[in-house]
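Residues per chain are reported as follows:
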Amino acid sequence: MAQQWAGTTYGNGWMHKHLIRVLRFIPVGVMYVFAEVFIVPVCIAVCNSRRTSYSFYRNRMGYGSLKSAWSVYANHCMFARTVIDKFAMYAGRRFDVQVEGLDEFNARASQEEGFIHMSSHIGNYEIAGYTLVSEHKTINAVVFADEKQSVMDNRNNMFVRTNIRMIAMKEDMSHLFEINDVLSEGNIVSFPTDRHVGDGRCIECDFLGAAARFPQGPFRVAAMRGVDVLAVNVMKEGWKKYRIYVTPLPYDKTASREEQIRQLSNSYVAELERRVRQYPAQWFNFFDFWA
């Protein structure tokens, strides 16, 4: 069963445009405080996200009841900060970004073959799109087709300054042909690896002590093409600081197709669990991921 996920950024175009205008003049720290005092408590009170967030900290992270309750607030505050940061980037603000594993990215970017990034909804992956840039390869970010037009327009405005373009995921799976062409041309594809689109085929992995379903598509594409795969996680470490972790995902390219998919998924989920445990407040899947 596919996870229940809306796939769009909250708000409408008018709200997004005015937030960008405000962030051109007001420090992001002021916006953080405003969101954490006035917006986050209301969201926690009226949204079901508080239940799934509490369950995550109580059942998956093993926290006590009081720590889990506090973590729900901290989690929503961190989410608000990453959203503000995204729009601050649209407004022209810059952040201090450090990269661990940059040599791994550059080594593959210098080769003729294409390769794949895999990411999930932890931290602020969009920051990577403005930092991990290749002079030789186009980075093709697979995104949800029904995202708000204002967000897509702002992404396009940012990406036009870099060697990045977007591939919209569609229910009819036609985006797979575009992905195949991109990899055939020796370029890069960036996949979200915790969301189901289209036929919803999945692979079950042990994740934080329980079985969870991940979409099979990204792993199958990598195995079919026999390309290298990197896990890329972008974690917030301060008001103006991010750290990008670039981690190669090993798998035996001579093994059977299904075994390659299994190895890749296990490698990816192990790396994801490592980062979630390292940055538990930055897990931003506000639905029952283990349903």
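Higher on the page you've got the structure.
One structure accompanies this document, and this report is about it. (Residues numbered from 1 in each chain as written. Predicted model: local features only at pLDDT ≥ 70, side-chain atom pairs only at ≥ 80, totals over all residues. Heavy atoms only, no water.)

### Some details on the nonpolar core
Then step 1. Counting 44 residues, the largest nonpolar core has Ile116, Phe207, Phe214, Val276 and Trp290 as its most contacted members.
Then step 2. With six residues, the top contributor of residues to this core is helix α9 (residues 257-278).
Then step 3. Not counting residues up to four positions away in its chain, the partners in contact with Ile116 are Leu183, Val189, Phe191, Pro218, Val221, Ala222, Val227, Asp228, Val229 and Leu230.
Then step 4. The next biggest cluster of nonpolar side chains, apart from the first, holds 35 residues, and it includes Tyr90, Ala91, Ile188 and Val234. (Core = buried A, V, L, I, M, F, W, Y, C linked by side-chain atoms within 4.5 Å. Buried < 20%, exposed > 50% of the residue type's maximum accessible area, 1.4 Å probe, protein only. Helix = DSSP H or I, 4+ residues; strand = E, 2+ residues; numbered from the N terminus. Contact = heavy atoms within 4.5 Å.)

### Comments concerning the sheet that holds strand β1 (residues 96-100)
Then step 1. Spatially, seven strands are ordered β1-β9-β8-β2-β5-β3-β4 in an open sheet, and the strand pairing comes out mixed. Edge positions in the open sheet fall to β1 and β4 (164-169), since each of these has one partner strand only. Each adjacent strand pair in this sheet contributes to an overall mean axis angle of 25 degrees, direction not counted.
Then step 2. Two elements, strand β8 (residues 228-238) and strand β9 (residues 241-248), share eight bridges in a ladder whose sense is antiparallel. When the bridges of β9 are listed, Ala231 appears paired with Thr247.
Then step 3. Strands β2 (115-119), β8 and β9 of the sheet are contacted by α9, whose axis makes an angle of about 10 degrees with β8. (Pairing = 2+ DSSP bridges. Axes fitted to C-alpha atoms, helices over the stretch in contact; angles between N-to-C directions.)

### Re α9
Then step 1. For α9, with 22 residues, the first-to-last C-alpha span of 32 Å sits near the 32 Å given by 1.5 Å per residue.
Then step 2. Regarding α9, the residues found buried are Gln260, Ile261, Leu264, Ser265, Ser267, Tyr268, Val269, Glu271, Leu272, Glu273, Arg275 and Val276. (Expected span 1.5 Å × (residues − 1).)

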